[in-house]
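Commentary on secondary and tertiary structure
Below, each chain spelled out in residue letters.
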Amino acid sequence: MADSDSPNSQNAPETLVDGNLLAAKSLARCGVTHMFGIVGIPVTSLANRAVSLGIRFLAFHNEQSAGYAASAYGYLTARPGLLLTVSGPGCVHGLAGLSNAMANNWPMVMISGSCDQNDAGRGDFQELDQIEAVKPFSKFSVKARDIKEIPNSVVRVLERAVAGRPGGCYLDIPSDVLHQTLPESEADSLLSAAISCVETELCENGNVIGRSEVETAVELLKRAERPLIVFGKGAAYARAEGELRKLVESTGIPFLPTPMGKGLLPDTHELAASAARSLAIGKCDVALVVGARLNWLLHFGAPPKWPKDVKFVLVDVCKDEIELRKPHLGLVGDAKKVLELINREIKDDPFCLGKTHPWVEAISKKAKENVLRMEAQLAKDVVPFNFLTPMRIIRDTIASVGSPAPILVTEGANTMDVGRAVLVQTEPRTRLDAGTWGTMGVGLGYCIAAAVAESGRLVVAVEGDSGFGFSAMEVETLVRYQLPVVVIVFNNGGVYGGDRRSPEEITGPFKDDPAPTSFVPSAAYHILIEAFGGKGYLVATPNELKSALVESFSARKPAVINVTIDPYAGAESGRLQHKN
């Protein structure tokens, strides 16, 4: 008889996995490689476990900036950007990034710890009904109420973030669930089953566009006298640049990108209509709109900016968007796939407007006139700096970098508006700005996302001093991770500039306070990064700016260039003065 104490008579106890490790394993198995956030109760162990499994954790000072980073990462990679927050206030701070992802249709997942389920409703530490709080800002949310629900919950939020129209999703993991345990074999089985289930569903889904719809779209373009192709960041997200180029160059139709669509085709392309925007949208008779919504950025597709009888062919991944806009023709599907079908149809019966076509000539003539007018202004060295002189110097220095082109991040009323007209995009997904929601404060978060998502590229931020202020402390994050980011601050002393009040407005008991738009004059933003070991520059002349740009671009180390701007050079509210 075998000895009861022999090794063969007893199985060694199986390794147990807690909720933190199971969540981290689930994320890693689903291909997550980066996570942004701030650790604390109850998610510190989750972050550490994720790092141990090969997920890079970028730790921020503010969940708002971390959320903006996660949203931009989703756009740049076409994979969900991950934000990890603590419970209660951390979750609320993270809503800025989650809502930004929803507004821009970028895939993102926010994961928050929450209070112990047994103490819910009793005033527990940082207690909040987080599922209810995120509802207006997420397309899907779920709470893992038991450790066994973690794998399926993780897989679901990641899948839903990219399905159909991309957007933000939320996963809530209570503190008690993070500390529950189960055998490792059971954990692996649950995870494999969750992944298998979603893969099966993905194979069964997909939009199919009828041949007749594609034929109608092509016929509309072919018969149009003044056709226009408009594309936005939805086309950029879909990686549709190759199909767009094929369409534009085979048909000779002028194109107009939205701000973040810039670079899908080079701004310098001979058929680019950006410099003749008013003419292009004001006179076109058929507009193929790809991955761009007819919202405020495109004047809602309505008169007086657009002709009342223009025929819109709207390509969007979301059927609801097409039903909302009521175009002449709607094509529901991924931008790249729809353009492939259109190009295939055109190949069978080709047409091309040609350079001498009256519409192409009119667009080209107006664009050249406007470019020459702008270049005449840019040629002047204005000191103290206006917005144009430093923007020209920045443009030329970025161009000298070559390919891969730097990723440009820009925010601020005048800074972003002037930059959109002056700075040139030649490669896809190299412009990140305030986006659909006009969100200020995205700058440093976007920079960090771009630096880790596109590790081979320099990142250049062109920021208004107000926009920079929202996330300025994240320059420490740049230095800590030694990211190749150069932040250029247009310092004009406040929101839109200095004190622009009329005498009638400077009254009352607090009339001696600084204006609501004013900051400390000549603020030394460059010294902030130096406190953490980065490089700071203060510049006020063309030569000083050129020198700082060349040196910082070459070093590819964290830097802040503080550019002194005339406080009265810009306009209040930028180009949206009518709304203020």
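What counts, and at which threshold
Residues numbered from 1 in each chain as written. Predicted model: local features only at pLDDT ≥ 70, side-chain atom pairs only at ≥ 80, totals over all residues. Heavy atoms only, no water. Helix = DSSP H or I, 4+ residues; strand = E, 2+ residues; numbered from the N terminus. Rg over C-alpha atoms; globule rule 2.2 N^0.38 Å. Buried < 20%, exposed > 50% of the residue type's maximum accessible area, 1.4 Å probe, protein only. Contact = heavy atoms within 4.5 Å. UniProt positions renumbered as here; feature names shortened; annotations may be inferred. Expected span 1.5 Å × (residues − 1). Arc of directions from axis to C-beta. Pairing = 2+ DSSP bridges. Axes fitted to C-alpha atoms, helices over the stretch in contact; angles between N-to-C directions. Right-handed = clockwise from strand over helix to strand, strands pointing away. Parallel < 35°, antiparallel > 145°, perpendicular 65-115°, else oblique. Left-handed = near helix turned anticlockwise from the far one by under 90°. Nonpolar A, V, L, I, M, F, W, Y, C, P; charged D, E, K, R; others polar. Polar contact = N/O pair within 3.5 Å; in protein donor to acceptor, adjacent residues only side chain to side chain. Phe/Tyr/Trp six-rings, centres within 6.5 Å; stacked < 30°, edge-to-face > 60°.

**Quick notes on the overall build of the protein**
If you tally the helices and strands in the protein, you get 22 helices and 19 strands. The C-alpha radius of gyration computed for the protein amounts to 26 Å, which stays within 12% of the reference 25 Å derived for 580 residues, consistent with globular compactness. Viewed in the frame of its principal axes, the protein has a C-alpha envelope of about 100 × 65 × 50 Å. Out of the 580 residues in the protein, the part that is buried amounts to 54%. A separation of at least 24 residues holds for 76% of the contacts in the protein among residues at least 6 apart in sequence.

**Let's talk about the UniProt feature "domain: Thiamine pyrophosphate enzyme central" (unreviewed entry) in the protein**
Residues annotated by UniProt as "domain: Thiamine pyrophosphate enzyme central" (unreviewed entry) correspond here to residues 214-340. The span residues 214-340 shows a helical share of 36% and a strand share of 18%, and its end C-alpha atoms are spaced 10 Å apart.

**A few points about helix α22 (residues 542-555)**
Look at α22: 20 Å from first C-alpha to last across 14 residues, which is about the 20 Å you get at 1.5 Å a residue. Residues of α22 that are buried: Pro542, Leu545, Ala548, Leu549, Ser552 and Phe553. In an axial view of α22, the angular spread of the buried residues amounts to 130 degrees, which keeps them on one side of the axis. Turned more than 90 degrees away from the buried face of α22, the exposed residues are Asn543, Val550 and Ser554. Buried residues in α22 make contact with α16 (388-401), β16 (459-464), β17 (485-491), β18 (535-539) and β19 (559-564). Downstream of α22 by one or two residues, Arg556 has phi in the positive range, about 55 degrees.

**Remarks on the UniProt feature "domain: Thiamine pyrophosphate enzyme N-terminal TPP-binding" (unreviewed entry) in the protein**
UniProt records the feature "domain: Thiamine pyrophosphate enzyme N-terminal TPP-binding" (unreviewed entry) for residues 24-132 in the present numbering. With 45% helix and 18% strand, the stretch residues 24-132 has end C-alpha atoms that lie 25 Å from each other.

**Structural notes on the sheet that holds strand β4 (residues 81-85)**
Taken together, the 6 strands give an open sheet; going across it, the order is β3-β2-β4-β5-β7-β6, and neighbouring strands pair in parallel fashion. The sheet is open, and its two borders are formed by β3 (56-59) and β6 (140-143), each paired with just one other strand. Taking the axes of each pair of neighbouring strands and ignoring which way they run, one obtains an average angle of 20 degrees across the sheet. Note: β6 against strand β7 (residues 168-174), 4 bridges, orientation parallel. From the neighbouring strand, Lys143 faces β7, where its bridge partner is Asp172.

**Considerations on the pairing of strand β14 (residues 407-411)**
Most of β14 is tucked away: 5 of the 5 residues are buried. Here β14 shows two buried faces, one formed by Ile407, Val409 and Glu411 and the other by Leu408 and Thr410. Where β14 lies against strand β15 (residues 431-432), 2 bridges are found, and the strand directions are parallel. Bridge pairing in β15 links Leu408 to Arg431. As a crossover connection, the stretch from β14 through helix α17 (residues 413-422) into β15 is right-handed.

**Some words on the packing of α16 against α17**
Where α16 meets α17, the axes come as close as 10 Å, and the angle between the chain directions of the two elements is 50 degrees. Between α16 and α17, the angle is such that the two are oblique. Read as a crossing pair, α16 and α17 show a hand that is right-handed. In this structure, α16 uses Leu388, Met391, Arg392 and Arg395 to contact α17, whose residues at the interface are Thr415, Val418, Gly419 and Val422. Here the contact of α16 with α17 is composed, by residue class, of 4 nonpolar, 2 polar and 2 charged.

**Some thoughts on the side chain of Glu476**
Tracing the sequence through the fold places Glu476 in helix α20 (residues 475-481). Glu476 gets classed as buried once you look at its relative accessible area, which sits at 16%. Separated by 2.8 Å, the side chains of Glu476 and Arg480 make a polar contact. Excluding residues that lie within four positions of it along the chain, Glu476 makes contacts with His61 and Phe532.

**As for the packing of aromatic side chains**
Counting across every chain of the model gives 8 aromatic pairs. Each ring, one from Tyr75 and one from Trp106, has its centre 5.0 Å from the other, and the planes form 25 degrees; the classification is stacked. Of this pair, Tyr75 sits in helix α3 (residues 63-77) while Trp106 sits in the loop between α4 (89-104) and β5 (108-114), and the two are 31 residues apart along the sequence. A relative accessible area of 0% means that Tyr75 is categorised as buried. Using a relative accessible area of 1% as the deciding quantity, one classes Trp106 as buried. The interplanar angle of 20 degrees and the centroid separation of 5.8 Å between the aromatic rings of Phe387 and Phe490 together place this pair among those described as stacked.

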